[in-house]
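Reading the structure
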Amino acid sequence: MSLAQVHYTSAAPGDEGAGRRFTAVGPGVTGALLAEIEPLLRYELPEGTPDRPSDAELRSLPQAFTYAILSDGSRLVFRSAPVRDTAGGAGPGFRFHTHAVHLPPGVPLPGDRLPVETWRSPHWVAVTPGGATPDPLTLPPGPTAVSEGLDDFAVSRGPWLAAVLADLRRASDPEDSGGRPVVLVERRCADVARWLGLASVTLPRESAERLTFTTYTRRPGSSAARVVGVLPEDGEAARAAGLRVHVCAGQPPSAGGGNDAWATTAARVWRSRSSELFRKARELPGEPFAAGPLAVTALCAGITLGPDERAAAAGWAADRPYALDADRTGHLVDALASPGIDDRTGPEFDAVGRLFGALEGRCPASVTAPLAAMLVTEAVRGGNGSLELPRRDAFVGPEGAAVAERLAPEILTELGDRAGPRSVARTVQLLRVARLLGVDSTESLPGVVDRLAPALLAEAAAQESRGAGSEEPVDFAPALLELLDEQFEVRTALLGALDRLAPQDPGAVARFLERVALPFTGTQALPHLRMCAEVPGAMATLGGDRAAVWHRVLRAAGLSPFAEPLVLRTAVGLVWADRAPTVEEARLLLDAATSDAHRAAGTWARLVDAALGAPAAEPPAGGSPAASTDEAAALAHDLLRGFPGEIGGRQRAGLLLLDLVRELRTGAPEPGWAEAVRTLCAQADPVEPALRERAHTALAERLLAPDRPGAELYDFVHGDDAELIAAYDRTARTDPVRIRLRTQPAYAADCFTVWTAHPHAGRTWPPVAAALLDEVLRPAVRAMSPEDVAEVEATVGRTGSSGRADAFRTWNRARALGRLGRRIVGRVRRG
């Protein structure tokens, strides 16, 4: 097909209308298009060009070979070159000439060639043809194919290949139409054209057609092309403009194509002079720039690739196990499993594991055996715990025996080492590989599971503390469950070890079982594991009724605490993990088993905590503070009897103090009450505030009773203990004492006698007694009838002396006179 041509030139010296102008325009090129085209055609000489260059200098000046897409969808391919001006004169002696070919929308170049394939065409001319309108031109590509010499050029540009190809791929992206150009710095513009030739072979056809370019410009920042070439002297300005610059005319870069596996693979293909592989790779399924197809093609051709590219090949083949024929599958497996590779990475092994899983059962075992050997060797020597291991039948014949013979000593040595293996994943992997290869690890199994069981709990707790949360799966859970499913003897031993650990930290085991569903529903007893598994459901169902939860959890054990005392420890640790039982709950626990069972389980300490930590005034539902106190004191009494050899130190003193409270309220304690309270509080120091308050209150209540021994009261008063006297003062002011004073004249007489009997007993007692007389006893007597007041007076006289009766009358009269005086004063004021 004939294509319209356009010629554009700078004016020769002496020409009329000096400047740049179109000298010939083919049919179909409108004025509007010419206005759009003209800025593209302008040529700017390199800096330092001599005014009158020699022929050699003129030939060395860069030629701008350009491909552009116009606003109407048509395209323009042109070459701008400096030419000698034959007119002579005083001018510079040369001009530039642009020869362009216009391609209407949808019209290809002859032979359906790409624009870059025309850069060597001999049909580009440096003079305007005769006539104002040139004849339509048929522009076939030059006689030399564009790919000729590209292999040598690619090898020479090896250090830059991956990075440049990666950027050319991005530049060809249809979404990148408004992006800034990629700048290629070369000493010769022909080398820029060769880069574009590399792109035309490497990229898919539609991507290469989107790659607009110019091989030379002085102003890359204002160019609309996606790829531009500049000379070295203009490279720094391009970098300063923020463009992506590749200086291919200087020192090789230290880095390659980064993480772009496709570009890295393409670079290796070019350096191997195997450009025909790009066409073969495009015949395979996959995305245009997926690294997998190209990497598979390269590996099958014997090209050495890096770990990322090998991983891409294995991953692609794993997703499409039917895309390759048997021959190429064999070549790919041999390349991936080559013994000469020493830079394999974790992602590569993971991809190879997926490939093995995809090929297993579809290919003969002899084909996949190298992959299986590679995987198990990495599992043992590389420590990759995430590998998907092959099945036991993956090895047939001598392959399996050779691998087992090579790896068995290493496996047994590490499993038997008391200091290792260090992680759960590593241990699980070694046990699975040992079974896979038929390695007998029976002797080392007890020690392995004894180390593995606590490691399970520790790693799960560490993962949870890092923020994974209790609902997130544990990292090693899938491999662990596969191990337990595969190996019955390991499952039995490990579950037994966990069951033995559970009483030590049942909460940790329960949290672990919530995240890892261990299979212990078989015939093994495992009472502690069953309790740990039961507690979440019991808590959710029974809520805050801890006693009911405890009964349910204990039933899940399937054993009586009389037969297996440690179930007590597990149950108590699960239900009361973060707190002490209440007194009522402690009584339930104590009655549920014998003291021997609690002693063996160590749960007696939790019962002691319950007794010592009982609140001073927190009654049970429907009860009273006194009832709560009595329960705690009774519990302390029973604990002292049941565990005399276990309880000692301050705990024993605290329980004895509680037992003294019980005796003060219900019995006849040994003499020396106040001194006993003081001594036991000192021995129990730091004593719980509630316990101290309970003991002081019980002593005060007993001393305020009518039948208290006088010697105890005397010792108390003269002991001058400020805390005990303050407790007595508080108790004397309570409602029960006030009511008894108002209603029982004999009790009022007794209190009057006590509160007036020791006026010089230390410094603390006298002011307290005086305040009680005035603030507690006086209001009670004032509320009595005259008959009751007379009875109080008579009782004071009978139990004391006539002088004490006179003292009561004087004390009571002072109250009456004071009242009479107040009445008289009131009347005077009213008068």
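Higher on the page you've got the structure.
Our subject in this report is the structure included herewith. (Residues numbered from 1 in each chain as written. Predicted model: local features only at pLDDT ≥ 70, side-chain atom pairs only at ≥ 80, totals over all residues. Heavy atoms only, no water.)

A few points about the overall build of the protein
Stated precisely, the cut-off is as follows: In this description a helix means any DSSP run of H or I spanning at least four residues, a strand means any run of E spanning at least two, and both kinds are numbered starting from the N terminus. Any two residues whose heavy atoms approach within 4.5 Å are treated as being in contact. Values of accessible area rely on a 1.4 Å probe in the Shrake-Rupley scheme; residue burial ignores everything except the protein chains shown.
Scanning the protein from N- to C-terminus turns up 37 helices and 9 strands. Sequence-distant contacts in the protein: of pairs separated by 6 or more residues, those separated by 24 or more amount to 69%. Counting only carbon and sulfur atoms, one obtains 52% of the accessible surface of the protein, whose full area is about 37,800 Å².

Section: the side chain of His598
Using the following cut-off: Relative accessibility decides the category of a residue: with a 1.4 Å probe and only protein chains considered, values under 20% of the type maximum give buried, values over 50% give exposed, and everything between is partly exposed. Under this definition, polar contacts are N or O atom pairs within 3.5 Å; protein pairs additionally need one hydrogen-donor-capable and one acceptor-capable atom, and for neighbouring residues in sequence, both atoms have to be side-chain atoms.
With respect to the secondary-structure elements, His598 resides in helix H25 (residues 595-601). Look at His598 and you get buried, because its relative accessible area is 0%. Within the structure, the side chain of His598 is placed 2.7 Å from the side chain of Thr603, a separation counted as a polar contact. Dropping the residues within four chain positions of it, His598 is found in contact with Leu568, Leu589, Leu590, Ala593, Thr603, Trp604, Leu607 and Phe643.

Some points on the pairing of strand E4 (residues 75-84)
Note the threshold: Should DSSP find at least two bridges between two strands, the strands are taken to pair.
For E4, a buried count of 9 out of 10 residues is recorded, marking the element as mostly surrounded by other parts of the structure. Where strand E3 (residues 64-69) and E4 come together, 6 bridges link them in antiparallel fashion. Bridge pairing in E4 places Ala64 opposite Ser80. Taken together, E3 and the strand that follows it, E4, pair antiparallel across an intervening segment of 5 residues, in which Gly73 is found at a positive phi of about 90 degrees.

Quick look at the sheet that holds strand E9 (residues 244-247)
Filter applied, for reference: Only the stretch in contact is used when a helix axis is fitted, and all axes are lines through C-alpha atoms; the angle between N-to-C directions ranges over 0 to 180 degrees.
Spatially, 9 strands are ordered E2-E1-E5-E4-E3-E7-E8-E6-E9 in an open sheet, and the strand pairing comes out mixed. Edge positions in the sheet fall to strand E2 (20-25) and E9, since each has one partner strand and no second. Note: strand E6 (residues 182-185) against E9, 4 bridges, orientation parallel. Paired with Leu184 across the strands is His246, a residue of E9. Together, E6, strand E8 (227-230) and E9 form the strand contacts of helix H4 (residues 158-171), whose direction differs from that of E9 by roughly 150 degrees.

A closer look at the environment of Asp55
Note that Asp55 resides in helix H2 (residues 55-60). Overall, the relative accessible area of 48% leaves Asp55 in the partly exposed class.

A short note on the environment of Phe96
Take Phe96: it is sitting in strand E5 (residues 94-103). Note: C-alpha distance between Phe96 and Tyr8 (88 residues apart in sequence) is 8.5 Å. Apart from the residues within four sequence positions on either side, Phe96 is in contact with Tyr8, Thr9, Ser10, Arg20, Leu41, Arg42, Tyr43, Ala81, Pro82 and Val83.

Observations regarding unusual backbone geometry
Of the consecutive residues Asp685 and Pro686, the connecting peptide bond is found in the cis state with omega at 0 degrees. Within the secondary structure, Pro686 sits in the loop between helix H29 (673-683) and helix H30 (689-703). A positive phi angle, near 55 degrees, is found at Arg273, a position not held by glycine. Along the chain, the position of Arg273 falls in the loop between helix H8 (261-271) and helix H9 (276-282). For Arg273, a relative accessible area of 41% translates into the label partly exposed. Of note, Asp720 is a non-glycine position whose phi angle comes to about 55 degrees, a positive value. One can find Asp720 in the loop between helix H31 (710-719) and helix H32 (722-732).

A few points about H8
The periodicity of an α-helix, 3.6 residues per turn, causes residues three or four positions apart to be oriented the same way. Burial of H8 is extensive: 9 of the 11 residues sit out of reach of the surface. Contacts from the buried residues of H8 go to helix H3 (150-156), H4, helix H5 (189-202), H9, helix H10 (291-300) and helix H11 (307-319). The N-cap of H8, judged by a side-chain oxygen 3.2 Å from the amide nitrogen of Trp262 a few residues on, is Asp260. After H8 finishes, the residue Arg273 shows a positive phi value of roughly 55 degrees.

A closer look at H4
Test applied: Multiplying 1.5 Å by the residue count of a helix minus one yields the expected span of that helix.
Look at H4: 20 Å from first C-alpha to last across 14 residues, which is about the 20 Å you get at 1.5 Å a residue. Of all 14 residues in H4, 12 are buried, a share of seventy percent or more. Among all positions of H4, only Gly158, Trp160, Leu161, Ala162, Ala163, Val164, Leu165, Ala166, Asp167, Leu168, Arg169 and Ala171 are buried. The inward-facing, buried residues of H4 abut H3, E6, H5, E8, E9 and H8.

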